[in-house]
Amino acid sequence: MKFYNTFSRKKEDFIPINKNEVKLYSCGPTVYNFAHIGNFRSFIFVDILKRYLQFKKYEVKHVMNITDVDDKIIKKCHIENLSLKEYTNKYQEAFFNDLEKLNIQEADVFPKATDHISEMVELIKKLLKKGIAYKTADGSIFFNISKFPEYGKLQKLNVDQMKKGERVETDEYNKDSVYDFALWKGYKPEDGDVFWETEIGKGRPGWHIECSAMSGKYLGKTFDIHTGGVDLIFPHHENEIAQSEGANGQKFVNYWMHCEYLGLKDSKMSKSLGNTVFIKDLLEKNYSTRAIRFVLLSVHYRQKLNFSTEQLDIAEKTLKKFDDFIYELQNVEMTNIKNEKIVNYTKEMLEEFEKMMDDDLNISASLGAVFTFLKKVNKFKINNKLSNLDKKNIIKSLKKIDSVLGVIFVEKTLGIDTVHMEEKLQTLKISEDEIEEKIEARNEARENKNWAEADRIRDELLNMGIELLDRKEGTTFKLKS
RNA sequence: GUCGGUAUAUCCAAGUGGCUUAAGGAGUCGGUCUGCAAAAUCGAUAUCAUGAGUUCGAAUCUCAUUACCGACUCCA
């Protein structure tokens, strides 16, 4: 299995520190607003990565931080006259809600910055002691990049040649160098009640220190994979490396994996540009959460993705294809002979899927293998040449695929004609018998070549969300997904 | 200024030297099936941005050109 490591800018064989275990840290949300679909793209990337590692039988220990204190949050709190907790709780809840909707597996730990002040203070003390950090007159503490010669090694930038003009930094913090960054921000009156009294003074943590402190606490000084959006490479991840390696004197992260932007009409989507799309916006337009998930996962994570509702339409169609495929497996007349070809198809599909995913999560090629599989199996289905054994085999392999993709919902689709169907019909106030009666009436009309009546009945049912399928063996129905 | 990325059909998107006379999905056109649709199925739809070079052989490597995008400021 190979992953592209931002650090080396190359695909590298993945070798975890401990044989069957992967320690994974992901930069999570800053809860000062709802997370937009661009944010969720990177969280879905992590989800696919994590699920695939599990698919490969690794035990994954996953930590995702929640940033619940920073400049923007404090500002907003004051505007809305809420306490830090009141303000952030709302968005935190919304975040978890959206995670669930998008079928994103929860991390093992979601540490919050405000719960780990003491760990951050410890780390800063260590840096002060080593002389890599310094305190300024206003009580702030900065990281001194000149004491960490490797600074810039992730982003591959040369500090001396960086553009300096644009960086408008006021002198409020009295930094030695403009590139020194804050570990701790000394208290200022406008911070209001957002401060901590600590050994290193009264104030609040800088943004970067939380990830170093919390990853260290939950995953150790060196861990396997660190993820985030490409926009975090610099300065955030660069600074994390400086902090952690500066304090611990050992390698921080073995594999850095970064997710590309999601864009809208050729511009990147970000909160600061104000061109954001939220999950709820799309749900209001009646798109399903699984279609959203599908769009976000179907483009390779290192490829820019230009989001559009057209892609959602295609995704809905694609998912319907899966649903129909699985659903119709039940209607096929089953023989009892195991079909060698089907055995081969499933085997080939799973092998191809794994081979492609092993290559830095090449999801497009993996999905290609799945679609090719559907096509091949459909040919058999059409001729009623499937056995129960084949069916089991097919379902089993799709479930396996979906343990990674998380969008096909094999079980749920198979359950349509039992629990789900009953519930749905109840809300539609129609019984299965009544549907059968209508189908019969329609078939009678069809025999009499009364097409108008036949189509009327079909449309009537379709409007209720019941779709008729005319097959050689007769007419069946299913719920429209 | 210093670094970096991308360019494949109408659209999305695999493919990084021969297994590809370029996967897969969507669209469009035309068959099969159907009363007609839907679904399924078969077929059609690409001189791989441009120019030069390396090679027995290039979408794939090298150089140049053009276009777009990004980092160096908060951002997933």
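Above this note sits the structure.
Predicted, not measured: the structure shown is a model, and the values here were computed from it. The numbers attached to residues start from 1 for each chain and follow its sequence in the written order. Each chain gets a letter, beginning with A, and each ligand a number, beginning with 1, in the order they are written. Selection of residues for local features in this predicted model requires a pLDDT of at least 70, selection of side-chain atom pairs for listing and counting requires 80 or more, and totals for whole chains, interfaces and linings are taken over all residues. Neither water nor hydrogens contribute to the side-chain values; these are computed over all heavy atoms in the structure.

**Regarding the sheet that holds strand β6 (residues 141-143)**
Strand order in the open sheet made by the five strands is β5-β6-β7-β9-β8, with antiparallel pairing throughout. The open sheet is flanked by β5 (133-135) and β8 (196-198), the only strands paired with a single partner. Sheet twist, expressed as the average angle between the axes of neighbouring strands with direction ignored, equals 35°. Any two strands with at least two DSSP bridges between them are considered paired. Helix and strand definitions follow DSSP, with helices as H or I runs of at least four residues and strands as E runs of at least two, each counted in order from the N terminus. Pairing of β8 with strand β9 (residues 201-205), which is carried by three bridges, proceeds in the antiparallel orientation. Note that in β9 the partner of Trp196 across the bridge is Gly203. Any two residues whose heavy atoms approach within 4.5 Å are treated as being in contact. All axes are obtained by fitting lines to C-alpha atoms, using only the stretch in contact for helices, and the reported angles, taken between N-to-C directions, cover 0 to 180 degrees. Its contacts with the sheet put helix α6 (residues 233-248) on β6 and β7 (181-186), and the angle it makes with β7 is roughly 80°.

**A short note on the pattern of salt bridges**
Think of a salt bridge as a Lys or Arg side-chain nitrogen and an Asp or Glu carboxyl oxygen that are within 4 Å of each other. What the rule picks out here adds up to 27 salt bridges. The partner of Asp98 in a salt bridge is Lys101, and the shortest N-O contact between them spans 4.0 Å. Remark: Lys101 and Asp98 occur in helix α3 (residues 84-101); sequence separation between them is three residues, near one turn of the helix. Connected through shared salt-bridge partners, Asp71, Lys185, Asp191 and Arg204 make up one network.

**Some points on the side chain of Thr6**
Position of Thr6 relative to the elements: it lies in the loop between β1 (2-5) and β2 (10-13). If we skip the residues at most four places from it in the chain, Thr6 touches Leu154, Ile233, Trp256, Met257 and His258.

**Details of the sheet that holds strand β11 (residues 253-259)**
Judged by pairing direction, the sheet is parallel, and its four strands sit side by side in the order β4-β3-β10-β11 without closing on themselves. The open sheet terminates on both sides in strands that have one partner only, identified here as β4 (59-64) and β11. Across the sheet, the axes of successive neighbouring strands diverge by a mean angle of 20°, strand direction being ignored. Sheet analysis places strand β10 (residues 223-229) next to β11, joined by six bridges and oriented parallel. Within β11, the residue paired with Phe223 across the bridge is Val253. The sheet strands contacting helix α1 (residues 37-55) are β3 (21-26), β4, β10 and β11, and the helix crosses β4 at an angle near 160°. Relative to β10, α6 is tilted by about 160°, and along the sheet it contacts β10 and β11.

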